[in-house]
Amino acid sequence: MDRTDPQLAANERSTLLEFLDFHRATPLIKTDGLNAAQLSQPIATSTLTLSGLLKHLALVEDDWIQSRFLGLPEQEPWASAPWDDDRDWEFHSAQHDDPTELRNLYRAACERSRRAVAGIDLDTLSVGVNRDGQRWNLRWILLHLIEEAARHNGHADLLREAIDGAVGE
């Protein structure tokens, strides 16, 4: 997944999707070249790891697009995850996952999302509903995915710097 700067004067749909793809590519850049031990290394003040971030972001993609927007049943590894025992299972279990498999899990989730929303109007409402029975439109979901990815990319910056001193984009 290449990271490309979003166009400066694109239409709304292109701007949303380009910013989302920019932020989707960032965790892959931040985790490039790291082994399993490095990906699972927290900083002293947190249990958060790069491996946990990758798995969480894959879950976020599948949950918001596949499950909430499209109304499809959960896929593996989410369908059999022990959510009742560990609400943050994706963060905690990631340290046992192979780094290449984690990156591929995330890439595949992003690609499923891209294919799922291709050509769909931004005003299209989700199949799933929130606690109040309201539906999200695709525009809101895409903005939420941008927010989620951007927030965790900030975490990834700090984690990567603590591992090997790598900073920047």
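See above for the structure.
First, a word on what this report is: a plain description of the structure on this page. (Residues numbered from 1 in each chain as written. Predicted model: local features only at pLDDT ≥ 70, side-chain atom pairs only at ≥ 80, totals over all residues. Heavy atoms only, no water.)

**Observations regarding the nonpolar core**
Counting 15 residues, the largest nonpolar core has Trp64, Ile65, Leu138, Ile141, Leu142 and Leu145 as the members making the most contacts within it. At the level of elements, α1 (12–31), α3 (50–69), α5 (99–117) and α6 (138–164) are the ones that each hand at least two residues to this core. Sorting elements by how many residues they give to this core places α6 first, with 5 residues. In this structure leucine 138 touches Arg13, Phe69, Val117, Ile120, Asp121, Leu122 and Thr124, once residues within four positions along its chain are discounted. In this structure, Leu54, Trp78, Ala81 and Ala109 belong to the second largest nonpolar core, which totals 14 residues. (Core = buried A, V, L, I, M, F, W, Y, C linked by side-chain atoms within 4.5 Å. Buried < 20%, exposed > 50% of the residue type's maximum accessible area, 1.4 Å probe, protein only. Helix = DSSP H or I, 4+ residues; strand = E, 2+ residues; numbered from the N terminus. Contact = heavy atoms within 4.5 Å.)

**Details of unusual backbone geometry**
Geometrically, the link from glutamate 76 to proline 77 is a cis peptide bond, its omega value of 10° lying close to zero. Along the polypeptide, proline 77 turns up in the loop between α3 and α4 (89–93).

**A look at the packing of α3 against α5**
Between α3 and α5, whose axes approach to 9 Å, the crossing angle comes to 20°. Taken as axis vectors, α3 and α5 run roughly parallel relative to one another. Remark: the crossing between α3 and α5 carries left-handed chirality. In contact with Ser51, Leu54, Lys55, Leu57, Ala58, Glu61, Asp62, Ile65 and Gln66 of α3, α5 contributes Leu102, Arg103, Leu105, Tyr106, Ala109, Cys110, Arg112, Ser113, Ala116 and Val117. Across the contact of α3 with α5, the residue classes tally to 11 nonpolar, 3 polar and 5 charged. (Axes fitted to C-alpha atoms, helices over the stretch in contact; angles between N-to-C directions. Parallel < 35°, antiparallel > 145°, perpendicular 65-115°, else oblique. Left-handed = near helix turned anticlockwise from the far one by under 90°. Nonpolar A, V, L, I, M, F, W, Y, C, P; charged D, E, K, R; others polar.)

**What to know about α5**
Here α5 contains 19 residues, and its C-alpha end-to-end distance of 28 Å stays within 8% of the 27 Å for a straight helix at 1.5 Å per residue. Turning to α5, its buried residues are Pro99, Leu102, Arg103, Leu105, Tyr106, Ala109, Cys110, Arg112, Ser113, Ala116 and Val117. Residues of α5 that are buried in the fold lie against α1, α2 (36–39), α3 and α6. N-cap assignment for α5: the residue whose side-chain oxygen lies 3.0 Å from the backbone N of threonine 100 is aspartate 98. Downstream of α5 by a residue or two, glycine 119 has a phi angle that is positive, lying close to 80°. (Expected span 1.5 Å × (residues − 1). Polar contact = N/O pair within 3.5 Å; in protein donor to acceptor, adjacent residues only side chain to side chain.)

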